[in-house]
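# Descriptive structure summary
The residues making up each chain are set out below.
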Amino acid sequence: MPANVVVIGSLNMDLVTRAPRLPRGGETLIGHSFATVSGGKGANQAVAAARLGAQVSMVGCVGNDDYGVQLRDALLAEQIDCQAVSSVEDSSGVALIVVDDNSQNAIVIVAGANGSMTPAVIDRFDAVLQAADVIICQLEIPDATVGHALKRGRELGKTVILNPAPASRPLPADWFAAIDYLIPNESEAAALSGLPVDSLETAKKAAAHLISLGAGKVIITLGAQGSLFANGTGYQHFPAPKVKAVDTTAAGDTFVGGFAAALAAGKTEAEAIRFGQVAAALSVTRAGAQPSIPTTSDVQAFKPA
């Protein structure tokens, strides 16, 4: 069956350490545990969309190494189409993650094979994009490739989602018109808009600014404060489901994948946001990135704490 959600982005092996707190500069801490877990924002969002009901294709690059084999196998195990996951002569991308006892994390990413994602890769797999209903991009592959993918999605008339993560500066001005849904968190919204985002009211101002730049609609995820939806004519706040957090890694990816899967299934925007929020809430109650992502049945069975 052709994929109704196509994710264009990164595949990383996550090297995860749990420690009492995040280390300070020059400090060595004794950690609690270590694990290698398949991740990368692109792959996480693909797994989330697949577990939450979508037919998914992944477009990305892995290295010609053991991690590359493991990353591809992890997607195949989720019934994700990997015809557009290419092996290249480089090491696979990795993310070095420290999670503290308060479930906060610090992450260092080494792009590796993800740096080989060029616009030509997008063109090579154009048939995959043509078959999609929803196309998702993030910022862990080269900017030129992201921009090319967004614009091609717009040309094809697809629903285009950009999760601008990680973001440290404004987006290129010519990207905005290609984006149907821009989904940043608070820090990303601040980086993109140049405005502080530390409350619901400041989030509204940032969202309005991003829409003024040309984005179709904006959803700012606010962690425990829920999500803010803006469409240029008004705002809607969606409170977050109450849960006990264990590990926030991949919560944003789970929201994006769940939101996209629900949209592809014909849900309304409000239904898709609530569905994504429950999925993200469930993910923070479990450790790890892809291992924490719930299924549709998990979401349907959810009862808030």
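Along every chain, residues carry numbers that run from 1 in the direction the sequence is written. The model is predicted, so local features are restricted to residues of pLDDT at least 70 and side-chain atom pairs to those at 80 or more, both for listing and for counting; the totals for chains, interfaces and linings are taken over all residues. Side-chain measures here rest on the full set of heavy atoms in the structure, leaving out hydrogens and waters.

Per an unreviewed UniProt entry, the recorded name for the protein is Ribokinase, and the organism is Pseudomonas fitomaticsae. UniProt, in the comment section headed Pathway (unreviewed entry), describes the protein in these words: "Carbohydrate metabolism; D-ribose degradation; D-ribose 5-phosphate from beta-D-ribopyranose: step 2/2." UniProt positions are given in the numbering used here, feature names are shortened, and annotations may be inferred rather than shown by experiment.

## A word on the nonpolar core
Val56, Leu75, Ile161 and Phe259 are the most contacted members of the largest nonpolar core, which totals 47 residues. Formed by 44 residues, the second largest nonpolar core is a distinct cluster that contains Phe176, Ala189, Ala203 and Ala207. Think of a nonpolar core as a cluster: buried Ala, Val, Leu, Ile, Met, Phe, Trp, Tyr and Cys residues, connected wherever their side-chain atoms sit within 4.5 Å. Classification of residues uses two cut-offs on accessible area relative to the type maximum, computed with a 1.4 Å probe and protein chains only: under 20% is buried, over 50% is exposed, and between them is partly exposed.

## Brief notes about the pattern of salt bridges
For this document, the term salt bridge refers to a Lys or Arg side-chain nitrogen within 4 Å of an Asp or Glu carboxyl oxygen. Applying the stated rule across the entire model yields 12 salt bridges. Arg24 is the partner of Glu27 in a salt bridge, and the nearest nitrogen-oxygen pair spans 3.9 Å. According to the relative accessible area criterion, Glu27 is partly exposed, its value standing at 27%. Note on Arg24: relative accessible area 55%, which makes it exposed. We note a salt bridge from Arg152 to Glu155, for which the minimum N-O separation is 3.0 Å. Taken together, the residues Arg152 and Glu155, both in helix H5 (residues 143–155) and 3 residues apart, mark about one turn of the helix. When its relative accessible area of 22% is taken as the criterion, Arg152 is described as partly exposed. We classify Glu155 as exposed; its relative accessible area is 59%. Bridged by salt links that share partners, the residues Arg21, Arg24 and Glu27 form one connected network. Labels follow the DSSP assignment, with helices taken as runs of H or I lasting at least four residues and strands as runs of E lasting at least two, numbered in each case from the N terminus.

## Remarks on the pairing of strand S7 (residues 105–110)
When a strand is regular, its side chains alternate between the sheet's two faces. Any two strands are treated as partners once DSSP identifies two or more bridges connecting them. Direction of pairing for strand S6 (residues 93–99) relative to S7: antiparallel, over a ladder of 6 bridges. By the bridge assignment, Val98 is partnered in S7 with Ala106. Linkage of S6 to S7, two consecutive antiparallel strands, is achieved through a turn of 5 residues, within which Ser103 is found at a positive phi near 70 degrees.

## Regarding the UniProt feature "active site" (unreviewed entry) in the protein
UniProt's feature table lists "active site" (unreviewed entry) at Asp253, given in the numbering used throughout. Classification of Asp253 by relative accessible area gives buried; the value is 3%.

## Topic: the sheet that holds strand S4 (residues 56–63)
Here 9 strands make up an open sheet; going across it, the order is S5-S4-S1-S8-S9-S10-S11-S12-S13 and the pairing mixed. Strands with a single pairing partner mark the edges of an open sheet, and in this sheet they are strand S5 (81–88) and strand S13 (235–238). When strand S8 (residues 134–137) meets strand S9 (residues 159–162), the two strands line up parallel, connected through 4 bridges. The residue of S9 that forms the bridge with Ile135 is Val160. The contact rule is simple, with two residues in contact once any of their heavy atoms fall within 4.5 Å. Fitting a line to C-alpha atoms yields each axis, with helices limited to the stretch in contact; the angle taken between N-to-C directions then spans 0 to 180 degrees. Running at roughly 30 degrees to S13, helix H9 (residues 269–283) makes contact with strand S10 (181–182), strand S11 (217–221), strand S12 (227–230) and S13 of the sheet.

## A word on the sheet that holds strand S2 (residues 12–18)
Strand order in the open sheet formed by 4 strands is S3-S2-S6-S7, and the pairing between neighbours is mixed. In this open sheet, the two strands that pair with only one neighbour each are strand S3 (33–39) and S7. On average, each strand axis in the sheet is tilted by 20 degrees relative to the strand beside it, whichever way the strands run.

## So, the side chain of Ser292
Residue position: Ser292 is located in the loop between H9 and helix H10 (296–301). Taking relative accessible area as the criterion, Ser292 reaches 0% and is therefore assigned buried. Setting aside anything within four residues of it in sequence, one finds Ser292 in contact with Thr249, Ala250, Leu282, Ser283, Arg286 and Ala287.

## Description of the UniProt feature "binding site: ATP" (unreviewed entry) in the protein
Following the UniProt record, the feature "binding site: ATP" (unreviewed entry) maps to Asn185, Thr221, Leu222, Gly223, Ala224, Gln225, Gly226, Gly252 and Asp253 here. For the largest pocket, the lining residues drawn from the annotated set are Asn185, Thr221, Leu222, Gly223, Ala224, Gly226, Gly252 and Asp253. Within the element layout of this structure, Gly226 appears in the loop between S11 and S12. In this structure, Gly226 is in contact with Ile220, Thr221, Phe238, Pro239, Ala240 and Gln277, ignoring residues within four places of it in sequence. Along the chain, Gly252 falls in helix H8 (residues 251–264). A 1.4 Å probe that fits but cannot get out identifies a cavity on a 1 Å grid over protein atoms alone, an open set with protein on both sides within 12 Å along at least five of seven lines counts as a pocket, and a residue lines either if it has an atom within 4 Å of a point.

## Focus on the layout of surface pockets
Rolling a probe over the atoms, with the probe sized like a water molecule, indicates the empty space that remains. The volume enclosed by the largest pocket comes to roughly 1,200 Å³. In terms of lining residues, the largest pocket is bounded by 44 residues, among which Asn185, Thr248, Ala250, Ala251 and Gly252 are the most central. Elements that contribute at least two residues to the lining of the largest pocket include exactly S2, helix H1 (41–51), S6, S7, helix H6 (186–193), H8 and H9. If you tally residues by element for the lining of the largest pocket, the top one is H8, at 5 residues. Each residue belonging to the lining of the largest pocket can be placed in one class, and the counts come to 21 nonpolar, 16 polar and 7 charged. The computed volume of the second largest pocket comes to approximately 220 Å³. Lining the second largest pocket are 14 residues, and of these Leu52, Ala262, Ala265, Lys267 and Phe275 sit closest to its centre. Grid points are joined across faces, edges and corners, and a volume is the space filled by probe spheres set on the points. In this count, Pro and Cys sit with the nonpolar residues alongside Ala, Val, Leu, Ile, Met, Phe, Trp and Tyr, while Asp, Glu, Lys and Arg are called charged and the others, Gly among them, polar.

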